[in-house]
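Chain by chain, the residues run as shown.
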Amino acid sequence: MATLEQCRGALEKLAENLAGANGDLRSAAALDRSVSCWITDLDTTFVGRLVDSRIEDVTAEPGPPAERAQIRLTMTGDDLVALVDGELHFARAWGSGRIKLEAGLRDLIRLRKLL
């Protein structure tokens, strides 16, 4: 089982990847939205803000998300680490229910380029 530190590191790596994106990927991530990622096996939620292709102000809170973010992810810590490391294909994991993504329709359309 992934640790809280490994999950935080995976989110930092994801933030770096978004910040370094070019072209269509950069425009897809150029949103200004609140985000949350609930790590179910650790019962911890990382919350932050996606701003201009960067994830900012990330904090960890115990339990499920206290507030409803505009972009919400739910998964295990192992799946987060595997996803960011490129070992887990997002569409397959989402289709099988291993990863849950909730967002508005416009955000989903833009995010599909990233995922």
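The structure displayed is predicted, hence computed values, not measured ones.

Student: Which parts of the structure should I look at to understand the pattern of salt bridges?
Tutor: As a working rule, side chains carrying opposite charge can pair if their charged atoms are close by. Applying the stated rule across the entire model yields four salt bridges. In this structure, aspartate 107 engages arginine 33 in a salt bridge whose closest nitrogen and oxygen atoms are separated by 2.9 Å. Taken together, the residues aspartate 107 in helix α5 (residues 105-111) and arginine 33 in strand β1 (residues 32-39) connect sequence positions 74 residues apart. Taking the relative accessible area as the measure of exposure, aspartate 107 reaches 7% and is therefore buried. Notably, a salt bridge pairs arginine 98 with aspartate 79, separated by 2.4 Å at the nearest N-O pair. Taken together, the positions of arginine 98 in the loop between α4 (90-96) and β5 (100-103) and aspartate 79 in helix α3 (residues 77-84) put the pair 19 residues apart, joining distant regions of the chain. According to the relative accessible area criterion, aspartate 79 is buried, its value standing at 7%.

Student: Looking at this model, I keep getting lost on the packing of helix α1 (residues 4-19) against α3. Mind explaining?
Tutor: The description of two helices packed together rests on the angle between their axes and the distance between the axes. For the pair α1 and α3, the least separation of the axes is 9 Å and the interaxial angle reads 30°. In terms of orientation, α1 and α3 fall into the roughly parallel class. The element α1 and its partner α3 pack so that their crossing is left-handed. Contact residues: Gln6, Cys7, Ala10, Leu11, Lys13 and Leu14 in α1; Gly77, Leu80, Val81 and Val84 in α3.

Student: Which parts of the structure should I look at to understand α1?
Tutor: Between the first and last C-alpha of α1 there are 23 Å, a value that for 16 residues agrees with the 22 Å anticipated at 1.5 Å per step. Within the sequence span of α1, burial applies to Cys7, Ala10, Leu11, Ala15 and Leu18. Projected onto a plane normal to the axis of α1, the buried residues spread over an arc of 140° and lie on a single side. The exposed set on the far side of α1, more than 90 degrees from its buried face, consists of Glu5 and Glu16.

Student: For this particular structure, what's the right way to read the side chain of threonine 45?
Tutor: On the secondary structure map, threonine 45 appears in strand β2 (residues 44-51). At 2.6 Å, the side chain of threonine 45 forms a polar contact with the backbone oxygen of glycine 63.

Student: What exactly am I supposed to notice about the nonpolar core here?
Tutor: Across soluble globular proteins, nonpolar side chains show a tendency to be buried alongside one another. Formed by 23 residues in total, the largest nonpolar core has its most connected members in Cys7, Ile39, Leu50, Ile71, Met75, Leu80 and Ile99. Where this core is concerned, the elements lending two or more residues are α1, β1, β2, β4 (71-75), α3, α4 and β5. Among all residues touching isoleucine 39, those that are not within four sequence positions of it are Cys7, Thr44, Phe46, Met75, Thr76, Gly77 and Leu80.

Student: Mind showing me how you'd approach the side chain of serine 36 here?
Tutor: Along the chain, serine 36 turns up in strand β1. Residue serine 36 is classed as buried on the basis of its relative accessible area of 3%. The residues contacting serine 36, other than those within four sequence positions of it, are Thr45, Phe46, Val47, Pro65, Ala69, Ile71, Arg72 and Leu73.

Conventions we followed
- Residues numbered from 1 in each chain as written.
- Predicted model: local features only at pLDDT ≥ 70, side-chain atom pairs only at ≥ 80, totals over all residues.
- Heavy atoms only, no water.
- Salt bridge = Lys/Arg side-chain N within 4 Å of Asp/Glu carboxyl O.
- Helix = DSSP H or I, 4+ residues; strand = E, 2+ residues; numbered from the N terminus.
- Buried < 20%, exposed > 50% of the residue type's maximum accessible area, 1.4 Å probe, protein only.
- Axes fitted to C-alpha atoms, helices over the stretch in contact; angles between N-to-C directions.
- Parallel < 35°, antiparallel > 145°, perpendicular 65-115°, else oblique.
- Left-handed = near helix turned anticlockwise from the far one by under 90°.
- Contact = heavy atoms within 4.5 Å.
- Expected span 1.5 Å × (residues − 1).
- Arc of directions from axis to C-beta.
- Polar contact = N/O pair within 3.5 Å; in protein donor to acceptor, adjacent residues only side chain to side chain.
- Core = buried A, V, L, I, M, F, W, Y, C linked by side-chain atoms within 4.5 Å.

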